[in-house]
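Remarks on the overall topology
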Amino acid sequence: MDMSFTPEETAFRDDIRAFLKAELDPALARKVRLHHDLTKAEMEGWHAKLQSRGWLAGNWPKEFGGAGWTAIQRHIFEEESARAHAPRIVPFGIAMLGPVLQKFGSKEQQDHWLPRILNGDDWWCQGYSEPGAGSDLASLRCEAVRDGDHYVVNGQKTWTTLGQHANMIFCLVRTNATGKKQEGISFLLIDMETPGVTVRPIVLLDGTAEVNEVWFDNVRVPAANLVGEENQGWTYAKYLLTHERTNIAGVGFATAALDNLKRVAKAQRHRGQPLSDDPLFAAEMAGVEIELMAMSTTNLRMLSAAAQGQAPGIESSMLKIKGTQIRQRLDALTRRAYGGQAMALTLEGNEGPEGADEALAASATWLNNRKLSIYGGSNEVQRSIISGALAKG
Amino acid sequence: MDMSFTPEETAFRDDIRAFLKAELDPALARKVRLHHDLTKAEMEGWHAKLQSRGWLAGNWPKEFGGAGWTAIQRHIFEEESARAHAPRIVPFGIAMLGPVLQKFGSKEQQDHWLPRILNGDDWWCQGYSEPGAGSDLASLRCEAVRDGDHYVVNGQKTWTTLGQHANMIFCLVRTNATGKKQEGISFLLIDMETPGVTVRPIVLLDGTAEVNEVWFDNVRVPAANLVGEENQGWTYAKYLLTHERTNIAGVGFATAALDNLKRVAKAQRHRGQPLSDDPLFAAEMAGVEIELMAMSTTNLRMLSAAAQGQAPGIESSMLKIKGTQIRQRLDALTRRAYGGQAMALTLEGNEGPEGADEALAASATWLNNRKLSIYGGSNEVQRSIISGALAKG
Amino acid sequence: MDFQLSDDHRMLQDSLRGILARHSGEALMPALLEAGVPQALLTEAEGGFDGSGAAVALIFEALGRAGASLPLIGTMIGAAALAQAGQPADDGATIAFADAEPGTRYDRGVAISVDGDRLTGRKTMVAGAEGAAAIIVTTADALWLVAPDAAGLTVRPYPLMDDQRGADLIFEATPATRLGALADFDTVLARGVLAHAAYALGTLSAAVDLTLDYLRTRKQFGQPLIAFQALAHRAADLSVEVEQARSAVTNFAGHLDADAPLRDRHLQACKVTLGRVARLVAEESVQLHGGIGMTEEYALGGMIRRLLAADTAMGDADFHLERFARGEPAFA
Amino acid sequence: MDFQLSDDHRMLQDSLRGILARHSGEALMPALLEAGVPQALLTEAEGGFDGSGAAVALIFEALGRAGASLPLIGTMIGAAALAQAGQPADDGATIAFADAEPGTRYDRGVAISVDGDRLTGRKTMVAGAEGAAAIIVTTADALWLVAPDAAGLTVRPYPLMDDQRGADLIFEATPATRLGALADFDTVLARGVLAHAAYALGTLSAAVDLTLDYLRTRKQFGQPLIAFQALAHRAADLSVEVEQARSAVTNFAGHLDADAPLRDRHLQACKVTLGRVARLVAEESVQLHGGIGMTEEYALGGMIRRLLAADTAMGDADFHLERFARGEPAFA
């Protein structure tokens, strides 16, 4: 057992840090820290900078143009990027579609789509959820009917994050309505500029519009855009959910949120002293920091086991639950650290005193991050996955 | 809305206090405060003192020899008795069987059994639970078969509290094994000195033996000891569970436990100061005190509504849950207030420094009071009762 | 002991419910004024006709339940404070109450200072500051009256989380009239805290009701959500906590006119309980809904924002818990 | 970074598991001695052959899982402290470690005082005091050696909650040898804390496994308990917390020989996590069992008592959380 980084890992970390220091614009980092919406150009710009170093796709094997990092390297990259408040790599192409195509796509699909993800030609979004399905994802009804060398798609997807920027969407569609619901699902790539595709933003309770509804009205999709076999899409979707999710615990994001909380608590006054010296608040901060210290190692233990070839089981569900609990606790503490100042979401352009917008960001972040325990399989779904495994003993 | 006691209520409270001051032996009160087992004679002696004032059966109407108190008066009596650390009135005859006989018993049964409860001729215990039934109480299997003017009882009951002192037991027995399980249950009174009754103590994890297994081997019970109608016992059992339970929240016991906790925290040293001045510990004590302030009023609101004739619904389930949560939190804080001293359960007669046995009592109480959220319908059962009602809207 | 509403209060409650069923938005305030609801928040000595804890609690609980966002609490505090100071305000005038400050959770006098009869510094999140007829300002230990057109006062408006308009107020040697020590106005300020707590009670009751309704009607895997025991038990726990919140408001309302130490214990216990339950309801009601609970279109989102705002108004659970634990007065 | 056990430690673990499968009660300690397990807890300089965090953690986790109650932690602390002080103990001798005091949670020097080289006062809950070859005693800032037959020492024995024998020690001007300042022995004492935490980890893992087994086999309403979603989700949460506890022990074990400030942060985080999870597991495992979980006959009861004892040994979660939050060293 050795808890320290190897010299190679340390050198890797220093390399990442130097890059972040040189390339990350402080104004952009501040926007990230305050959870402000980034423009499409800002996200694409950051992707391009990473790709210029070959770091955009840390999780992809080198043969597909990725960095081929180890799990530990990816963990280091994610933690350092998050602590520096670098923009998050938009996951839909890199983290989600890429691995599916690499595992299940045809040679032609790999050759065509993978480079376009890396060089930014395509912006992908995800068409999984549907209104009415909720946690019962497999009950999806958006249908694709084969018509010659095309599929004709009709139906609706929802919760499509950043769909407003996307030109491509990968969808789970129903290609067989009889039999077990999991067995009639296919995995289809759809050009969003095809006639019949409509995107409508969903405004969330924090005022942002990062998710969308996507409508398909007789949308014709080339049959060549089917990934793998027809009616096998559920297998690919599950692969996506249990593999390639080094970052599901969000250790880096939580660490950045803890850094931010400590900074806020040091600046806020409480009975004439920094709030960070208040025994009650300090104890609450310590409690969540201690949780994070343990989860960080839980995460590494599980990554390490996966690297040894042990198949991922309920570990990602455990990390999802604990990771969201920790981040939501950090969000709650940050909101509470601001107290009476956190009663608005926007200053409507009225410039406040230095940092006034940070108090508002605390409330907005609290509200927005309620999603963490809902999306990507709610924490209730994760608990059912875990207890299902426990029931088998 | 008026939150203060009426002059009559205040006078009543003063009367109770004077009685407790005059009649309660401080050595006995200390045993109660430390949750030490009381002897049968101590419990009977306290019952007799109360009965000499006509206060033993506060919940019984005067026509049956009770005090006929209002719900508020009973609340006052229970809170004052608990805060003075008076022995708890053994509930099986007074609080449980009495009301059932008054509502469903024959005139002969009432005339025979009720006075014997008041004057201490009988010590009753309860035969409801069975091994293997758990929360599914209605699945009970202990059977009573009619044989002439007797029932012949065979089977086993468990968790029979203070059964070692009892000469009588009221039992739910199966008189019909076909049809809905709730519809074949009868309510039977059994003399424990009848041949074939065996009582075996169950030692609990705190070392005490207050509960028992009771075995019935061809026990012949006079048919006259059937309460109400055959196969209607489940109705009587439910009546017992939803009525006459003014004390289900345990406000008085919680208040006494809070008093004790404050005393302990004031005496314990922490960094050279009383532990009660430690901001962290003080905040935790304040948190549970605030919960208790609210629950005390929830309790009175619900008693008041019941007194106005509103039928009791899910209120007793709510009070059971919150009441046990508060008492278990108080037990946990008291154990934690003693810290490293609370690592034993008995000094085996080695006299310690003043109060050493109090630290041990804190651990024993913590362990013993885990029962609060399990017995009398576990908190999970109570949540199901509440959500069952909520599901109907 | 009696938990029933008086006949007068029952009539007030019925009238209020009727108004809230018929009016909303801009039409609501005139309807409330016409029905005398704001006057019911003030004692006879203050120019009203009630001002009891029971009246304040039932009015703001009903407003919370209806989701009404009005600058009524500042107006109530202001009208009562001005009446106590012998400078009664005009009937129907909106008064803003400037309490929160940047740079601290709830301490007063951190961002604002006093020099003679002039104030310099900043207040934040002031509801109803635009168009107010008067502004009441707290400093470290006193209560002040500032005219909306006073020299050196800048008002920077923005929307608050509870859909009211709010503002930052910037004071630069702004002339102000000292009304008295904070502690002298503790009964007035306590009424404000009760109003926020009762508003939170109404809001969280509505959020739990909406959540239960959703659990009963929404199906997944072929069953209504409430048939899933893990969700059902959490719903049961929520309903227990709603009762705790109601009792905490009842306790405080019933002790609004008690001696200060007893009243302050109930004030603090009430705000701690409402803050705790409001946070729990905010978290659980969104979680039990899932994604739909996060959308602006659905009614829950606004309730959550109003709950967070009510938690932070005039000191949150953390602030009052500390004071309760230390045995400190609510205002000093 | 590497979370695998070394080959030596894997062999040690296998050997230990074999012994624990074959021996219990009075036969266990001789078997452990024969296999060299106690020696694996000490460094070469201390007369042993390992003493690493990994070795200490795996040994005590295995003992906790097996429910073995032995005075091994006091003996380990004592042997290491005496070796460090240049007064090595005899092989196989039991040494008692007297730390807790009446009248305080975990402060030292409250009930015991020092006058020259004599101790007066009281220690409590001292495991293995009867028959110990030596007694190591903490005071406010120092570590002392007391002979079991020293003048003015009274030993009052009783059973501890974890089934060991314990005692109150009463000192009346009892002669003692000062080994040094507490802070000088922080590495030795840290090993003791790690042992208690790892023992708790083994115990709580066993309690959760037993609970899961019960949920899988016990039926109610015609279904195994784990089919009830509310219980299943709570079981899932428990299993998440077991992983947190394991990671906290891993972190501390991996930093046992790190610089004191870093080691102490991990020490405190570990004891906080183990205390928190131990309490949760104690509560939830009994609750998920129902009545059977409270009976002495069933194995869970002993686990619960051992968990409570391990939580309180050498400072509980409260004690270490406060020190972590203040940035204080673990021993000073």
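Rules of the game
- Residues numbered from 1 in each chain as written.
- Chains lettered and ligands numbered in written order.
- Predicted model: local features only at pLDDT ≥ 70, side-chain atom pairs only at ≥ 80, totals over all residues.
- Heavy atoms only, no water.
- Contact = heavy atoms within 4.5 Å.
- Buried area = accessible area lost by both parts, 1.4 Å probe.
- Salt bridge = Lys/Arg side-chain N within 4 Å of Asp/Glu carboxyl O.
- Polar contact = N/O pair within 3.5 Å; in protein donor to acceptor, adjacent residues only side chain to side chain.
- Helix = DSSP H or I, 4+ residues; strand = E, 2+ residues; numbered from the N terminus.
- UniProt positions renumbered as here; feature names shortened; annotations may be inferred.
- Phe/Tyr/Trp six-rings, centres within 6.5 Å; stacked < 30°, edge-to-face > 60°.
- Buried < 20%, exposed > 50% of the residue type's maximum accessible area, 1.4 Å probe, protein only.
- Lys NZ or Arg CZ within 6 Å of the ring centre and 35° of its normal.
- Axes fitted to C-alpha atoms, helices over the stretch in contact; angles between N-to-C directions.
- Parallel < 35°, antiparallel > 145°, perpendicular 65-115°, else oblique.
- Left-handed = near helix turned anticlockwise from the far one by under 90°.
- Nonpolar A, V, L, I, M, F, W, Y, C, P; charged D, E, K, R; others polar.
- Pairing = 2+ DSSP bridges.
- Arc of directions from axis to C-beta.
- Expected span 1.5 Å × (residues − 1).

A closer look at the interface of chain D and chain B
Contacts between chain D and chain B engage 53 residues on the former and 53 residues on the latter. Interface area, chain D with chain B, both sides summed: about 4,200 Å², of which 57% is carbon and sulfur. Of all residues in chain D, D:Arg105, D:Gln287 and D:Met294 bury the most surface against chain B, accounting for 18% of the area lost on that side. Run the count over chain D and chain B and you get five salt bridges. Put simply, B:Arg271 and D:Glu322 hold a salt bridge, and the shortest N to O gap is 3.3 Å. There are 21 residue pairs in polar contact (both at pLDDT 80 or more) connecting chain D and chain B. Sorting the residues of the side of chain D that touches chain B by element identifies strand 6 (153-159), strand 7 (165-175), strand 9 (219-220), helix 7 (229-254), helix 8 (260-289), helix 9 (299-312) and helix 10 (317-326) of chain D as the ones contributing at least two each.

Considering the UniProt feature "domain: Acyl-CoA oxidase/dehydrogenase middle" (unreviewed entry) in chain A
As recorded in UniProt, the feature "domain: Acyl-CoA oxidase/dehydrogenase middle" (unreviewed entry) lies at residues 125-219 of chain A. Across residues 125-219 of chain A, the secondary structure splits into 0% helix and 47% strand, with the terminal C-alpha atoms separated by 17 Å.

A short note on the packing of aromatic side chains
Residue and element names in this part refer to chain A. Inspection of the entire model under this criterion finds 30 aromatic pairs over all chains. Where tryptophan 69 meets phenylalanine 77, the ring centres are 5.0 Å apart and the plane angle is 45 degrees; that geometry is what we call tilted. Residue tryptophan 69 is classed as buried on the basis of its relative accessible area of 11%. Ring pairing ties together the aromatic residues Phe104, Trp113, Trp124, Tyr128, Phe170, Phe187, Tyr236 and Tyr239, which thus form one cluster. Here the guanidinium or amino end of arginine 53 rests over the ring plane of tryptophan 55, the centre of that ring lying 4.4 Å away. When the ring centre of tryptophan 366 is taken as reference, the NZ or CZ atom of arginine 335 above it lies at 5.9 Å.

Notes on the packing of helix 9 (residues 279-307) of chain B against helix 10 (residues 315-338) of chain B
Residue and element names in this part refer to chain B. The N-to-C vectors of helix 9 and helix 10 enclose an angle of 155 degrees; their axes lie 10 Å apart at closest approach. On the basis of their axis angle, the class for helix 9 and helix 10 is roughly antiparallel. Between helix 9 and helix 10 the crossing geometry is left-handed. Of the residues in helix 10, those in contact with Phe281, Glu284, Met285, Gly287, Val288, Glu291, Leu292, Met295, Thr298, Asn299 and Met302 of helix 9 are Glu315, Met318, Leu319, Lys322, Gly323, Ile326, Arg329, Leu330, Leu333, Arg336 and Ala337. Residue composition of the contact of helix 9 with helix 10, by class: 12 nonpolar, four polar and six charged.

Thoughts on the pairing of strand 1 (residues 124-127) of chain B
Both faces of the sheet carry side chains from a regular strand, because those side chains alternate between them. All names here are of chain B. The side-chain alternation of strand 1 yields two buried faces, one formed by Trp124 and Gln126 and the other by Cys125 and Gly127. Judged from the four bridges that link them, strand 1 and strand 4 (residues 168-174) form a sheet pairing that is parallel. The residue of strand 4 that forms the bridge with cysteine 125 is isoleucine 169.

Regarding the environment of C:Asp186
Residues and elements named next belong to chain C. With respect to the helices and strands, the residue aspartate 186 is situated in helix 6 (residues 186-217). Residue contacts for aspartate 186: discarding those within four places in its chain leaves Ala260, Arg263 and Phe331. Engagement of the side chain of aspartate 186 in a polar contact is seen with the side chain of arginine 263, the distance being 2.9 Å.

Considering the sheet that holds strand 4 (residues 134-138) of chain C
Residues and elements named next belong to chain C. Spatial strand order, 1-4-5-8: four strands in an open sheet with mixed pairing. Single-partner strands in this sheet number two, and they are strand 1 (95-98) and strand 8 (177-181). Each strand of the sheet is rotated relative to its neighbour by a mean of 20 degrees, with strand direction disregarded. Lying on the sheet, helix 5 (residues 72-84) is in contact with strand 1, strand 4, strand 5 (142-146) and strand 8; it crosses strand 1 at an angle near 95 degrees.

What to know about helix 2 (residues 26-33) of chain A
Residue and element names in this part refer to chain A. Taken as a whole, helix 2 has its buried residues at Leu28, Ala29 and Arg33. Projection of helix 2 onto a plane perpendicular to its axis shows the buried side chains occupying an angular sector of 140 degrees, all on one side. Residues of helix 2 that are buried make contact with helix 3 (40-52), helix 8 (251-267) and helix 11 (356-368). Between the side-chain oxygen of the N-cap and the backbone nitrogen of alanine 27 there are 3.1 Å, and the N-cap of helix 2 in question is aspartate 25. In the stretch just after helix 2, histidine 35 is the one whose phi turns positive, near 60 degrees.

Remarks on the sheet that holds strand 1 (residues 95-98) of chain D
All names here are of chain D. In space, the four strands of this open sheet follow the order 1-4-5-8, with mixed pairing throughout. Two strands close off the open sheet at either side, each with one partner strand: strand 1 and strand 8 (177-181). Here the strands of the sheet are splayed against their neighbours by 20 degrees on average, with no regard to which way each runs. Contacting strand 1, strand 4 (134-138), strand 5 (142-146) and strand 8, helix 5 (residues 72-84) crosses the sheet at an angle of about 95 degrees to strand 1.

As for helix 7 (residues 229-254) of chain C
Here helix 7 of chain C spans 37 Å end to end across 26 residues, near enough to the 38 Å set by a 1.5 Å rise per residue. Counting buried positions along helix 7 of chain C gives 23 out of 26 residues, so the element sits mostly inside the fold.

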